[in-house]
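Residues per chain are reported as follows:
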Amino acid sequence: MNHAWLYRFLLSPSLVMCVVSTALAAESPDAVFDRYVAAVHAGDMATVRALIAPDVERSDYVGCRPEMDNPACLAHYVETTVVQPKARFTVLRRQLDGDTVSARLEVRSPWHSKAGIERIVGTDIVRVRNGLIHGFRFVPDFGDESTAIFFGSLGIGPRAAKTPSK
């Protein structure tokens, strides 16, 4: 009996795409967040980029240039602020509300150490749909002393140096 037609069907690109998209659609927001954290810890920007939806919301990261599309802007933000500085996250608390993961994090990196800060604290708010990140933002906890000092040194938050008015 010739099963060549069965092999062609099983290896067809349409079937492979169907299986892959079904697997991604079934992936929970928690699982996507865990993959994101693992990719950051591994310095794996290819995986980070693959997790970002083409229609992701625009990041407000100041390092994004106007010519960057939204996925490129978010990838640049992640690469610049956590991958290149070799940041490590500790999830202190996680909450799932529908398609959104809110993870309170403690973040440590050599970048923070160079600034004289042991760690920063804040919340990643990640909206996931169909296995991809559609919204992402980090909200620093300015009530935390070291976080406020660190971001203040970058000109962000309540500890940012104020320019004198004329």
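Just so it is clear, the model here is predicted, and its values are computed rather than measured.

Re helix α5 (residues 70–83)
When the terminal C-alpha atoms of α5 are compared, their 18 Å separation across 14 residues agrees well with the 20 Å that a helix rising 1.5 Å per residue should span. Of all the residues in α5, the buried ones are Cys73, Leu74, Ala75, Tyr77, Val78, Thr81, Val82 and Val83. Those residues of α5 hidden inside the fold are in contact with α3 (29–42), α4 (45–51), β1 (88–97), α6 (110–114) and β4 (132–140). The distance from a side-chain oxygen at the start of α5 to the backbone nitrogen of Ala72 is 2.8 Å, and the residue carrying that oxygen is Asp69.

Observations regarding the packing of aromatic side chains
Overall, the coordinates contain nine aromatic pairs when judged by the stated rule. Between the aromatic rings of Trp111 and Phe150, the centroid separation amounts to 5.2 Å while the plane-to-plane angle is 90°, which identifies the pairing as edge-to-face. Of this pair, Trp111 sits in helix α6 while Phe150 sits in helix α7 (residues 145–153), placing them 39 residues apart in sequence. In this structure Trp111 comes out as partly exposed when scored by relative accessible area, which is 33%.

Re a nonpolar patch on the surface
Together, Trp111, Leu154 and Ile156 line one region of the surface with nonpolar side chains, adding up to about 260 Å² of accessible area. Here Ile156 lies in the segment after α7.

Topic: α7
Every buried residue belonging to α7 is among Ser146, Thr147, Ala148, Phe150, Phe151 and Gly152, and all of these are buried. On its buried face, α7 is in contact with α6, β3 (120–129) and β4. The positive-phi residue at the C-terminal boundary of α7 is Gly155, with phi of around 85°.

Let's talk about unusual backbone geometry
If you check the backbone angles, Lys86 has positive phi at about 60° while not being a glycine. With respect to the secondary-structure elements, Lys86 resides in the loop between α5 and β1. Positive phi values are uncommon outside glycine, yet Asn130 reaches one of about 55°. Along the chain, Asn130 turns up in the loop between β3 and β4.

About the criteria used
- Residues numbered from 1 in each chain as written.
- Predicted model: local features only at pLDDT ≥ 70, side-chain atom pairs only at ≥ 80, totals over all residues.
- Heavy atoms only, no water.
- Helix = DSSP H or I, 4+ residues; strand = E, 2+ residues; numbered from the N terminus.
- Expected span 1.5 Å × (residues − 1).
- Buried < 20%, exposed > 50% of the residue type's maximum accessible area, 1.4 Å probe, protein only.
- Contact = heavy atoms within 4.5 Å.
- Polar contact = N/O pair within 3.5 Å; in protein donor to acceptor, adjacent residues only side chain to side chain.
- Phe/Tyr/Trp six-rings, centres within 6.5 Å; stacked < 30°, edge-to-face > 60°.
- Patch = residues over 30% accessible without salt bridge, like charges linked within 9 Å, V, L, I, M, F, W, Y side chains within 5 Å.
- Areas by Shrake-Rupley, 256 points an atom, 1.4 Å probe, with all protein chains shown as cover.
- Salt bridge = Lys/Arg side-chain N within 4 Å of Asp/Glu carboxyl O.

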